[in-house]
Amino acid sequence: MKSDRDYPVAIIGGGASGTILAAQLARRGIRSVLVEGGGRVARGAAYSTTEPAHLLNVRAEGMSAFAGEPDHFARRFEAEGGERRGFAERRLFGRYLGEILEEAVSGGAAEVLAASATSASRNGRWSVQLDNGETLTSDALVLAIGNQEPEPLRVFAGVGGRIVGNPWGDEARAAVRDLAETGATALLIGTGLTMIDVVLSLDAAGHTGKIVAVSRRGQIPRSHADFEPAPVERQQLPVGNLRQLWRWLRRRSAEVGWRAAVDSLRPHSQALWQSLDDAQQRRFLRHARPWWDVHRHRIAPQVASTVARLIAEGRLEVMAGRIVSARQAADGLDVDIRRRGAASAGTYHCAYAFNCTGPLHAMSHTRDALLRSLLDAGALRPDRLDIGLAVDDRSRAVGGERLWALGPLTKGRYWEIVAVPDIREQAAEVAEDIARELKA
Ligand SMILES: Cc1cc2nc3c(=O)[nH]c(=O)nc-3n(C[C@H](O)[C@H](O)[C@H](O)COP(=O)(O)OP(=O)(O)OC[C@H]3O[C@@H](n4cnc5c(N)ncnc54)[C@H](O)[C@@H]3O)c2cc1C
């Protein structure tokens, strides 16, 4: 079964993961089509920002798109006047990904299709339905659709348009503009990297009002700083026991500093994650993840100093607490927040509330049409934690045939698979696996 649009490989999702894979396939002489439905070709969610204040949270020397070519992005950044140990603007990294893709396209090994895939099925080969009415066919199918939008917060149900569900969408940009004009208060729910992005956007837009950021623990991402690395061998680490691993991390942090201790786990993090049983992985997500995330995914020092300045000026308040209820009020929302340790809630008025809680949610309940079609047909299964898709050790979907998943979709299996240094390794391995499979 062939359509007018027929390819050896169809990659759904044209963000960083899909782009890097298309480039890896091109290097192996394998033609692919990159299907991007959000108008963010080669940039995806992270690198389509146009905000100069949004910096990478990994040093330029760590951001090469190609495994085994560590200087590939650093050289590009240096040519623009940056330093290899510096933090580039995310939009520059987006341009870099664009150039990589362009190389594959101009060499005839990749094609870009601006459309959303709405369903896929396999009958000997893959057949993918697009929202423009076309169908494409392929031998292999790769899902690189990234994170899904955060789930709506139940406590804000029915409060109207002042709750911003997607912090990077048009709605968010309009809210930032309005807040900058009025100087009104913004409430950010979640205190991780997404919250930092919104704070930077507000500051860059000239907002001078108050920003309140709230999460259960009120932990915010820590800053990068130079440190002496203290690498460890796998044999030195407690395997298969979260409690012991946590104790090891504390002890090691006291000895060599927390940055060196946390980063020493990097080469082992996927193996450590896989050594934990389901109950321990769940315990990690519930209790340890907030601490891990803020120490592991650090922000550029320039960004940290902006955040520190806003806190010192009293413009940003970070609070540990829980949102109890919310209702519409004149010019915004009244939100009841119970601070951690407080006996009762206090009411905060804000013009807008932004959902910065991030994407971790139940895959089995996804409303994404493409995933739904594949899950319902049994070609995909949620992973055991239900935070992504079940894949094997080659990132092949469990239940599917010639079907791979890349990036955040596979975090149930790998956990540390959202940053470019991890995604590029996975993309190289998947490209190799596809090459083997298609030649077989
Ligand atoms: C704000 C932010 C900042 C980050 N900063 C860094 C950093 O500094 N350094 C680092 O290493 N990592 C960073 N990351 C992490 C990492 O790089 C991203 O998670 C990575 O971009 C994931 O890429 P992706 O292509 O898998 O997903 P995405 O970037 O989400 O791309 C998926 C693409 O698929 C498209 N799509 C979805 N469904 C369909 C469909 N049905 N049909 C067609 N297209 C579809 C979407 O429009 C989207 O463009 C950051 C992440 C975020 C969110």
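Residues numbered from 1 in each chain as written. Predicted model: local features only at pLDDT ≥ 70, side-chain atom pairs only at ≥ 80, totals over all residues. Heavy atoms only, no water.

Caption draft 1: Structural context of the environment of Ala180. Of note, Ala180 is situated in helix 5 (residues 170-182). Ala180 has contacts with Ala205, Gly206 and His207, leaving out every residue within four places of it along the chain. (Helix = DSSP H or I, 4+ residues; strand = E, 2+ residues; numbered from the N terminus. Contact = heavy atoms within 4.5 Å.)

Caption draft 2: Examining the packing of helix 1 (residues 16-27) against helix 4 (residues 90-106) more closely. For the pair helix 1 and helix 4, interaxial distance at closest approach is 9 Å and the crossing angle is 35 degrees. Our pair here, helix 1 against helix 4, has a crossing hand that is left-handed. Where helix 1 approaches helix 4, its residues Ala16, Thr19, Ile20, Ala22, Ala23 and Ala26 are matched on the opposing element by Leu97, Ile100, Leu101 and Ala104. (Axes fitted to C-alpha atoms, helices over the stretch in contact; angles between N-to-C directions. Left-handed = near helix turned anticlockwise from the far one by under 90°.)

Caption draft 3: The arrangement of helix 11 (residues 301-312) in detail. A rise of 1.5 Å per residue sets the reference length of helix 11, with its 12 residues, at 16 Å; its end C-alpha atoms lie 16 Å apart and thus fit the reference within 8%. Looking only at helix 11, the buried set comprises Val303, Ala304, Thr306, Val307 and Leu310. Looking down the long axis of helix 11, one finds its buried residues gathered within 160 degrees of arc, a one-sided arrangement. Taken together, the buried residues of helix 11 touch helix 6 (193-204) and strand 10 (316-329). Gly314 occupies a position one or two residues after helix 11 and carries a positive phi of about 80 degrees. (Expected span 1.5 Å × (residues − 1). Buried < 20%, exposed > 50% of the residue type's maximum accessible area, 1.4 Å probe, protein only. Arc of directions from axis to C-beta.)

Caption draft 4: Representation of the pattern of salt bridges. In this structure the tally under the stated criterion is 37 salt bridges. A salt bridge links Arg173 to Asp170, with the shortest nitrogen-to-oxygen separation between them at 2.6 Å. A residue pair is termed a helical-turn pair when its members lie 3 or 4 positions apart in one helix, as Arg173 and Asp170 do in helix 5 at three residues. Judged by relative accessible area, which is 46%, Arg173 ranks as partly exposed. Arg339 serves as the salt-bridge partner of Glu317, at 2.5 Å between the closest nitrogen and oxygen. Placement of Glu317 in strand 10 and of Arg339 in strand 11 (residues 332-339) is noted, with a sequence separation of 22 residues between them. Look at Arg339 and you get partly exposed, because its relative accessible area is 35%. Salt bridges linked by common partners bring Arg59, Glu61, Asp71, Arg84, Arg85 and Asp226 together as one network. (Salt bridge = Lys/Arg side-chain N within 4 Å of Asp/Glu carboxyl O.)

Caption draft 5: Molecular detail of the nonpolar core. One finds Ile11, Leu21, Phe73, Phe93 and Leu97 to be the most contacted residues of the largest nonpolar core, which totals 38 residues. Secondary structure elements with two or more residues in this core: strand 1 (5-12), helix 1, helix 3 (72-79), helix 4, strand 6 (135-143) and helix 14 (420-439). Excluding residues within four positions of it along the chain, Leu21 makes contact with Ile11, Val142, Leu406, Ala427, Val430 and Ala431. Counting residues in hydrophobic clusters, the runner-up holds 30 residues, among them Tyr7, Leu113, Leu143 and Ala379. (Core = buried A, V, L, I, M, F, W, Y, C linked by side-chain atoms within 4.5 Å.)

Caption draft 6: Local environment of the site of the ligand. Around the ligand lies a shell of 34 residues, among which Ser17, Glu36, Tyr47, Asn57 and Val418 are the nearest. Measuring from an oxygen atom of the ligand, one finds a backbone N or O atom of Ala45 at 3.0 Å. Notes on the ligand: free accessible area 990 Å², of which the protein chains cover 89%. Among the elements that line the shell around the ligand, the one with the most residues is helix 2 (residues 44-47), at four residues. Each residue belonging to the shell around the ligand can be placed in one class, and the counts come to 20 nonpolar, 10 polar and four charged. (Near = heavy atom within 4 Å. Polar contact = N/O pair within 3.5 Å; in protein donor to acceptor, adjacent residues only side chain to side chain. Areas by Shrake-Rupley, 256 points an atom, 1.4 Å probe, with all protein chains shown as cover. Nonpolar A, V, L, I, M, F, W, Y, C, P; charged D, E, K, R; others polar.)

Caption draft 7: Main features of the sheet that holds strand 7 (residues 163-164). Spatially, 7-13-8-9-10-11-12 is the arrangement adopted by the seven strands of the open sheet, whose pairing is mixed. The outermost strands of the open sheet, each flanked by one partner alone, are strand 7 and strand 12 (346-350). Pairing between strand 7 and strand 13 (residues 352-355): two bridges, direction parallel. The residue of strand 13 that forms the bridge with Val164 is Phe354. (Pairing = 2+ DSSP bridges.)

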